[in-house]
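This is what each chain is made of:
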Amino acid sequence: MVRKCACRGCPNHQKQPRRRKSCGGDEKRVDSRTIYVGHRPCPDTEAFIPSKFCDNRIVSSKYTVWNFLPKNLFEQFRRIANFYFLIIFLVQVIVDTPTSPVTSGLPLFFVITVTAIKQGYEDWLRHKADYEVNKYPVTVLEDGRSVKKESEKIKVGDVVEVVEDETFPCDLILLQSSREDGTCFVTTASLDGESNHKTHYTVPDTEKDLQSLYATIECEQPQPDLYKFVGRMHIYKPEQEPAVRSLGPENLLLKGATLKNTKKINGVAVYTGMETKMALNYQGKSQKRSAVEKSINAFLLVYLCILISKAVVCTTLKYIWQSKDGQDEPWYNQKTQKEKDTNMYLKMFTDFLSFMVLFNFIIPVSMYVTVEMQKFLGSFFITWDKDFFDPEIQEGALVNTSDLNEELGQVEYVFTDKTGTLTQNNMEFIECCIDGFQYKHRDELDGFTVTDGPVSKLQQRAGQEKEELFLRALCLCHTVQVKEDGAEETPRDQVDGIDGMFPQPEEERGFIASSPDEIALVKGAMRYGFTFLGLESKCMKIKNRQNDVEEYKLLHVLNFDPVRRRMSVIVQTRSGETLLFCKGADSSIFPRVKPEEVERIRLHVERNATEGYRTLCVAYKQLSAEEYAMADTGLREARLALQDREEKLMAMYNQVETGMSLIGATAVEDRLQEEAAETMEALQGAGMKIWVLTGDKMETAKSTCYACRLFQRGTELLELTVRTLDDERLKREEKLIELLRDYHRRAVQDAPPVKAGVTRSWSKANQEYGFIIDGATLSLLMNPPRDADATLYRSLFLQICQNCTAVLCCRMAPLQKAQIVKMVKNSKGSPITLSIGDGANDVSMILEAHVGIGIKGKEGRQAVRNSDYAIPKLKHLKKLLLAHGHLYYVRIAHLVQYFFYKNLCFILPQFLYQFFCGYSQQPLYDAAYLTMYNICFTSMPILAYSLLEQHISIEILLVNASLYREIAKNAMLRWRPFLYWTVLGLFQGLLFFFGVRFLFSNPALQDNGQVFGNWSYGTIVFTVLVFTVTLKLALDTRHWTWINHFVIWGSLAFYVFFSFFWGGIIWPFLKQQRLYFVFANMLSSVSAWLVIIILILLSLLPEILLVVLRKPRGPHSRQKKPGQSNVVGSQSSQSSARPLLMRTFSDESNSVK
Amino acid sequence: MKNEGETTEQPDNTAFTQQRLPAWQPILSAGIVIPGFLLIGLAFIGIGVGLFLTSQTITVLEMDYTGVEKDKPCFGCTIPNIQNCTCEVQFSLSTLFKGPVFFYYGLSNYFQNFRKYGVSKDYYQLTGDTQYFTNPQDSCSPFAYDSKKNPIVPCGAIANSMFNDTFELYQLINGTKKQVPLDGKGISWWTDYNIKYRNPSPVNGSFANAFSGTRNPINWPKPVYELDLTDQNNNGFLNQDFLVWMRRAALPDFRKLYRRITQGDYAEGLPAGNYSLTVHYNYPVLTFDGRKKVVFSNVSWMGGKNDFLGIAYLVVGSLCVVMSVVMLIVYAKFKFSDDDDV
């Protein structure tokens, strides 16, 4: 495999997030554009109008120096939270409020600045990358001369020269290649990550001398699909009819791809700048929001209500209180004339606003910052994890979004692809069946043995002729290329191979293909003596058993596509015979061959499928000259069509691929991924339901499921496939509903009531069910003939599936996969779904699920690019979910709850103080404390906690999958824990305030008889508060690294230091020195010390009690040190040896709760 | 180049990146918590007993002299618009009131912690910055200028409402009045007196000249530079009564230190006998239903009398002890049942 090469200047492009829309003003909706090659006017066309296309400048940056500030600020204040704080700030500026605007302005300013700096930096990087790309020197041919230009100066129609290992500066139509056969090789590693070499072709029959080429290209308007392109080239030659050539994706060289194996090419620019396919593809993915964020929003709403009701209560009480004589305006506190004149209702309103401002700290700005930082920094632990590092591909895990870290701990449904995900997609040719006789390869030197299949006992081999025809078909019917990197070794290698000797491992033989099946088949054919030597100028060479080289002229390739599920080639032998070879899935081949041939093969195909092999059928057909002529013209016409080309081609393909005769079938094994079964078992143990969604055959998929232990021996399979729907008595729809009802009765009604989050182990005593459905049935289910049935069908289907341990959906189209995910996602309780896959066909379901995981497999990088997280192997999923996901969830849930709690007990005393200060909005704490509380004094410990906490060690989490269930269904952010934290906050807030209140019943607290004032009061409360909330976190911390120690004790020390400092100096910029020496004076009072100590202890007392009393119950063996207790050791050894037993044990302990 | 790429892509194998930092995993097990609670409980009970006993040794004498009821001596002074009213409050001590005795005045239902009241002062004036004498800050209004637009120094509601009842204490010995000397020093915070507040420097040798062009607060009978003509160190913004008043009370029911009794025959305390307190009754509180009182108290190391702390420590201490016993029972029970399970 060719390693991914970094190409100059382009890695950054992959991250360009947004799509720039227009360049230039003319966004006319024209279906096609016309390009004059080399800007040379062509005869015979309308007047040469150099139409306007956008230039080749790439603009991926969002801002310029001038618009950065307004645009960035506007975008930031579109976030509701920021906007809220802005409003509070403005209220403070406009209305005479208790706290200065600085208290809320400073944090807001801090947040906005940090975000702006981050975004500015990212944009600067984009600018830099853009600059690098735009100024990259390129060679343009102008009037026969090579001119060096900057890349951004390329115009549509320019003829550009690119040399080996350079990237293409824009989308080019290949005109000329230095290779003789008019091909060139490119890698699109930076576009879609596929590192294999792809062959592109020059436009046939163009002039060798580009100077004398007069041509126009007519092609579609830019569109983002990398693999689609339709166009037509008109070549004008003097005194001749203009020739027309069709252009397809094989002629188009994409910007960002790199030229390989070819000295140099010339091409004409068709799409430039922001209209290139690469630029069109950099769209921001739709934002996924995590369930935690929804919880945060719900809690925010609650706190907003608390805030508003506090303000309302205070305002109301204020006016009731003031209505008493003499209270409103005692002689010592007269109002100004302006205040007296103000309208009563206006006064009420401003009072309300003032209270809002006073209490607004209950919803802290810093929470958003901390949550974002936690997510951003926390995601590094995934990329850093060396357990995710795969030595084979030299890569670790990749995090594309950090917004969903905690969602990894909440997964309820896992949708997995089969090929490449559960299995390795590392194909190995196992056996073939020729004309009904089975050939099984054994690792013997002659490489070709025949085993005694059940059918072939009497006559062991098929006829020589059939055998060779079959092998030729395998050698010819593919799109494999011979790798040229090791060009010198290849010939020798091939010579050796002919003797049946394989001195080198076969993997090194160097074939490149888009699908590993094909390589396996070619290699399989090689074992039997037919070697594919390569494709040179439309001529395929194979070496047969007699070491003779046979040559076939490749006339047409009827490409593979997932709808047809087959591919064909049309070749011409030396003797002039025209042959069509076709290979494909049994279901797509069988209807196209003679029925009598099918029976002999079908048996083998089905048996192979149940053994978990991938089977392909091979058929051929001889084309007469007339037939070929018809097919040839038909295909050419279809290829030239500018509109509906796909449909026309498809129809033509179908027309050609008929009436074939079946030669045989192949069986290729796809090995299971490492630890696939263990991973699946662990996930099931963690309470997740696993659905396998595959495009593969039911039998193959089923056998994989058995191999992965998703289905077990005792599992009763409920099948809902085309086969079970076939019933002579009933119509399919009727049979469908009948079966659904039947299964529903068996799996749902007769089964004992199932509790949420409990799967296999719970129902261990009962029958286990597995469900199988195929694509056709699913589409019948989703779109029944009568719309009214749809909901009934779906609910029945979902209920059955929810009671099954595993569900297998086979024969799925990519879109159907997404449909299923969507259906489950939107079902009752909206469970969290996860999709994992490796191929392009999984992209839709990866995008649809809450969490999309890509596997860095062999099928290219599309899945990885579209995923939220990418891991090298399936086995890494276990740690990603059970350890990382679990920890992230616990961390962020605790972070959120703690934040609300600490701000509740921060603001509650301030609220209570209003009852003692005549509702005059007098702040209890000094402005510095109000501002710094969330920024400095209490922010770092919780951030450190939320990054480092491991309440259960990673090892135990991995061993004991059922621990995952303890946090299922957002357990830590439900209303009950929220209520608990809120009550705790209320309790502590009340305690702080009234404890100090009783102390101040005699404010003479010093031994010199002097009295303390209001700022001393606030400072004592604040000191208790800071210490309590920090120590509360310390109590919750189960994993004390030196960082935790540092930030927890450091914050407390900082608070003390800051208070001394703040109160120790007359600050020249302050209008009032309220806190001057207040803190030091407080510390000189023994009573203050005593009250601080007792209040801290009393606040934490219930917490300590709960921890201790809760402990003896529950399965919290984890809280014991591994060294200390034998329980953990025995449990973990038990669980690895007898996982099922372990699961039931932990379930019982769960159910105690 | 390729090799570089490979090495950088391999994650660092450090304890931090692998989340394997050595960590202390504290467990609040019953084995630690039960004895811990017991110890804390006992310690708290000890402190509580100490506090409570200390609090009991403190003598407090509180007298409301507002004169709301007719039979109270100061009832006569509550008539509106009366000038220079004096009244006498008599009390007797049966035992020695141990010294040093602190003399507080107290106000109830008086909101020194009103927000607008609290900001109604000009800190720059109070540091002796004469620039602000003629131009007081807005926060002082409506006590920044008088009706004739003369700037007020010290401006603002706090200064304007300074407590202006004065007291003289006499011991009655055989029908003669013996004045008890009251010490007005050391009643305000040291930092307030020495650092935070500053008088303006005298102009032309006269302290009063520094205040020219300004007027005294409306409710004050005399300007700030005449607060204590006997002692220049107690005059102006550095007048200790003024400083005490300027430090706002936390709650609407408060007391402030008025004088200390530390001199002469009374250094050891107030001997048993009859006393008469002469009140120069100036400060109106009835309009807002306030009350005035005087408090005599001695102090201990913990400050004035405060039973709350002692009781709180006793309660929490015994709570801890009870909890540890309960936990012991619960834990023992569960531990045994645990053993049965295993």
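Rules used throughout
- Residues numbered from 1 in each chain as written.
- Chains lettered and ligands numbered in written order.
- Predicted model: local features only at pLDDT ≥ 70, side-chain atom pairs only at ≥ 80, totals over all residues.
- Heavy atoms only, no water.
- Helix = DSSP H or I, 4+ residues; strand = E, 2+ residues; numbered from the N terminus.
- Buried < 20%, exposed > 50% of the residue type's maximum accessible area, 1.4 Å probe, protein only.
- Contact = heavy atoms within 4.5 Å.
- Areas by Shrake-Rupley, 256 points an atom, 1.4 Å probe, with all protein chains shown as cover.
- Lys, Arg positive; Asp, Glu negative; His and termini not counted.
- Salt bridge = Lys/Arg side-chain N within 4 Å of Asp/Glu carboxyl O.
- Phe/Tyr/Trp six-rings, centres within 6.5 Å; stacked < 30°, edge-to-face > 60°.
- Lys NZ or Arg CZ within 6 Å of the ring centre and 35° of its normal.
- UniProt positions renumbered as here; feature names shortened; annotations may be inferred.
- Disulfide = S-S within 2.5 Å.
- Pairing = 2+ DSSP bridges.
- Axes fitted to C-alpha atoms, helices over the stretch in contact; angles between N-to-C directions.
- Buried area = accessible area lost by both parts, 1.4 Å probe.
- Polar contact = N/O pair within 3.5 Å; in protein donor to acceptor, adjacent residues only side chain to side chain.

Caption draft 1: Up close: the overall build of chain A. In terms of regular secondary structure, chain A is built from 37 helices and 33 strands. The buried share of chain A, taken over its 1153 residues, is 59%. Pairs at least 24 apart in sequence give 74% of the contacts found in chain A among residues at least 6 apart. Of the roughly 47,900 Å² that chain A leaves accessible, carbon and sulfur atoms contribute 57%.

Caption draft 2: The arrangement of unusual backbone geometry in detail. Across the junction of B:Gly99 and B:Pro100, the peptide omega takes the value -5 degrees, indicating a cis bond. Among the secondary structure elements, B:Pro100 is positioned in the loop between strand S3 (97-98) and strand S4 (101-108). The peptide bond linking B:Val153 to B:Pro154 adopts the cis configuration, its omega dihedral lying at -10 degrees. Tracing the backbone shows B:Pro154 in the loop between helix H4 (123-126) and helix H5 (157-160). Phi at A:Tyr919 takes a positive value of approximately 50 degrees, unusual for a residue other than glycine. Turning to its location among the elements, A:Tyr919 is positioned in the loop between helix H27 (876-913) and helix H28 (927-937). Taking relative accessible area as the criterion, A:Tyr919 reaches 8% and is therefore assigned buried. Phi angles above zero are rare outside glycine, and B:Asn174 is one such case at about 50 degrees. Assignment of secondary structure puts B:Asn174 in the loop between strand S5 (166-173) and strand S6 (176-179).

Caption draft 3: Examining the side chain of B:Lys196 more closely. On the secondary structure map, B:Lys196 appears in helix H6 (residues 190-196). The side chain of B:Lys196 is buried and forms no salt bridge, while B:Asp192, the nearest opposite charge, is found at 4.5 Å. Dropping the residues within four chain positions of it, B:Lys196 is found in contact with A:Ile1066, A:Gln1073, A:Arg1074, A:Tyr1076, B:Tyr123, B:Thr127, B:Thr191 and B:Arg247.

Caption draft 4: Fine view of the pattern of salt bridges. Counted under the stated rule, the structure contains 56 salt bridges over all chains. As a salt-bridge pair, A:Glu955 and B:Arg20 come within 2.7 Å of each other at their nearest N and O atoms. Taken as a pair, A:Glu955 in helix H30 (residues 954-959) and B:Arg20 in the loop between helix H1 (2-9) and helix H2 (30-57) lie in two separate chains rather than in one. Salt bridges here are not isolated pairs; linked through shared partners, they connect A:Asp390, A:Glu392, A:Glu674, A:Lys873 and A:Lys875.

Caption draft 5: Region of interest: the packing of aromatic side chains. Considering all chains together, one arrives at 104 aromatic pairs over all chains under this definition. Note on A:Trp1040 and A:Trp1049: the rings are 5.8 Å apart at their centroids and 15 degrees apart in plane angle, and the pair reads as stacked. The exposure class of A:Trp1049 is partly exposed, given its relative accessible area of 40%. On the basis of an interplanar angle of 15 degrees and a centroid distance of 5.5 Å, the ring pair of B:Phe91 and B:Tyr275 is categorised as stacked. With B:Phe91 in strand S2 (residues 85-93) and B:Tyr275 in strand S9 (residues 273-281), the pair connects residues that are 184 residues apart, well separated along the chain. Just as B:Phe91 is buried, B:Tyr275 falls in that class too. Lying over the aromatic face of A:Tyr933, A:Lys902 brings its terminal NZ or CZ to 5.3 Å of the ring centre.

Caption draft 6: Spatial organisation of the UniProt feature "transmembrane region" (unreviewed entry) in chain B. All names here are of chain B. What UniProt calls "transmembrane region" (unreviewed entry) maps, in this numbering, to residues 27-53 and 311-332. Between the end C-alpha atoms of residues 27-53 the distance is 38 Å, and the span holds 89% helix and 0% strand. Split by type, residues 311-332 is 100% helix and 0% strand. Its first and last C-alpha atoms lie 31 Å apart.

Caption draft 7: Structural detail: the state of the cysteines. All names here are of chain B. For the structure on display, the rule yields 3 disulfides over all chains. The disulfide bridge from Cys74 ends at Cys87, spanning 2.0 Å between sulfur atoms. Between Cys74 and Cys87 the disulfide shows an S-S torsion of about 80 degrees. By sign, it is right-handed. Residue Cys74 is located in the loop between strand S1 (60-64) and S2, and its partner Cys87 is located in strand S2; the two are separated by 13 residues in the primary sequence. Its relative accessible area of 1% is what places Cys74 among the buried residues. Across the disulfide from Cys77 sits Cys85; the S-S distance is 1.7 Å. Where Cys77 bonds to Cys85 through sulfur, the torsion about that S-S bond is close to -70 degrees, and the disulfide is left-handed.

Caption draft 8: Representation of the sheet that holds strand S10 (residues 291-297) of chain B within the structure. Residue and element names in this part refer to chain B. With respect to topology, 4 strands assemble into an open sheet ordered S1-S10-S4-S7, the strand pairing being antiparallel. Two strands lie at the open edges of the sheet, namely S1 and strand S7 (254-261), each paired on one side alone. Geometrically, the sheet is characterised by an average inter-axis angle of 20 degrees between neighbouring strands, direction not taken into account. Inspection of the sheet shows S4 paired to S7 by 7 bridges, in the antiparallel sense. What sits directly across from Val101, in S7, is Ile261.

Caption draft 9: Structural view of the interface of chain B and chain A. Counting residues at the interface gives 91 residues for chain B and 103 residues for chain A. Interface of chain B and chain A: buried area, both sides summed, is about 8,600 Å²; carbon and sulfur atoms make up 62% of it. Of all residues in chain B, B:Gln19, B:Arg115 and B:Trp189 bury the most surface against chain A, accounting for 10% of the area lost on that side. Between the two partners, chain B and chain A, sit 2 salt bridges. A salt bridge links B:Lys116 to A:Glu339, with the shortest nitrogen-to-oxygen separation between them at 3.0 Å. Where chain B touches chain A, the interface holds 29 residue pairs in polar contact (both at pLDDT 80 or more). Mapped by element, the contributors of at least two residues to the side of chain B that touches chain A are H1, H2, S4, helix H3 (115-119), H4, H6, S7 and helix H8 (307-341) of chain B.

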